[in-house]
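Observations on the model geometry
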Amino acid sequence: MARILYIEDDPNLAFATKDNLELSGFEVIHCADGSEGWTRFQKERFDLCLVDVMLPKTDGFTVARKIRQADENVPILFLTARSLQEDKINGLRLGADDYLTKPFSMQELILKIEIFLRRSKREELPGKDPSILRIGRLSFDFQKLSLTGHGVRHTLTFREGEVLYYLANRANQVVRREELLKEIWGDDDYFMGRSLDVFLSRLRKYLSSDPDIRIENVHGVGFRISW
């Protein structure tokens, strides 16, 4: 049973969400403020974190930053009433993998959780592992979300890994922006497009140790990775 750390200060929303998630087969540990959530995270193992942005004692952005510093792999999903674009982008920059804006559909929340958990527990295949890609002089292990080479190692978030894996498997091809958004996020709205821009910016930084690797913007169309 997957264990979810759920940090939410609204008691009514927390009760309803926790109840629905438990009915869907998850074990949910609920914390009513950011400080309590961070304390529980340090002491226990969790498969995924649901973090509200507006929290008492310690805000969700701070909690997410601490979680990501302590664990580079655990998926972090923001639940926020904020509709401001920069708040969402800020969360992604801190290492969150995705977000839902309140009020959200319980079905959509459960679907996102299932997708993250399924990808995080992907079984290794026998023989040559197709999840390990050579990108220029770097090696990318999609299973471990690890990018290594030139004496450096980066651990990517799930979303960063998905974007890099999708592009690298289509090296030297132009990947349309809407194709990439629909494949990774399931939609291509404005906010998801801005999220994609954040991830691409971070990926370019990770890949910069090999100057031959380039992620190009193809104006009006999409992106192309080459080396």
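1. Some points on the overall build of the chain
Scanning the chain from terminus to terminus reveals 8 helices and 12 strands. The proportion of buried residues among the 227 residues of the chain is 49%. Considering only contacts within the chain whose residues lie at least 6 apart along the sequence, 59% involve residues at least 24 apart. For the chain, the computed accessible surface area is about 11100 Å², with 49% contributed by carbon and sulfur atoms.

2. Remarks on the side chain of Arg 3
On the secondary structure map, Arg 3 appears in strand S1 (residues 3–7). Note on Arg 3: relative accessible area 14%, which makes it buried. Within the structure, Arg 3 has its side chain in polar contact with the side chain of Glu 27 (distance 3.3 Å). A distance of 2.6 Å separates the side chain of Arg 3 from the backbone oxygen of Arg 45, its partner in a polar contact. In this structure, Arg 3 is in contact with Glu 27, Ile 29, Glu 44, Arg 45, Phe 46, Asp 47 and Leu 48, ignoring residues within four places of it in sequence.

3. Overview of the sheet that holds strand S5 (residues 98–101)
Taken in spatial order, the 5 strands make up an open sheet running S2-S1-S3-S4-S5, and their pairing is parallel. Edge positions in the sheet fall to strand S2 (27–31) and S5, since each of these pairs with one other strand and no more. On average, adjacent strands in this sheet sit at an angle of 20 degrees to one another, irrespective of strand direction. As judged from the 4 bridges shared by strand S4 (residues 76–80) and S5, these two strands associate in the parallel manner.

Basis of the calculations
- Along every chain, residues carry numbers that run from 1 in the direction the sequence is written.
- Given that the model is predicted, a residue must reach a pLDDT of at least 70 before its local features are reported, and side-chain atom pairs must reach 80 or more before they are shown or counted; all residues, however, enter totals for whole chains, interfaces and linings.
- Only hydrogens and water are removed before side-chain values are computed, so all heavy atoms of the structure are retained for them.
- Strands are runs of DSSP state E lasting at least two residues, helices are runs of H or I lasting at least four, and both sets are numbered from the N terminus onward.
- Under the scheme applied here, a residue whose accessible area is under 20% of the maximum for its type counts as buried, over 50% as exposed, and between as partly exposed, the area being computed with a 1.4 Å probe on protein chains only.
- Whether two residues touch is decided by their heavy atoms; if any such pair falls within 4.5 Å, the residues are in contact.
- Using the Shrake-Rupley algorithm and a 1.4 Å probe, accessible areas are obtained, with residue cover drawn only from the displayed protein chains.
- Here a polar contact means two N or O atoms within 3.5 Å. Within protein one must be a hydrogen donor candidate and the other an acceptor candidate, and residues neighboring in sequence count only if both atoms are side-chain atoms.
- For two strands to be treated as a pair, DSSP must find at least two bridges joining them.
- Whenever a helix is involved, its axis is fitted only over the stretch in contact; in every case the axis is a line through C-alpha atoms, and angles between N-to-C directions fall within 0 to 180 degrees.

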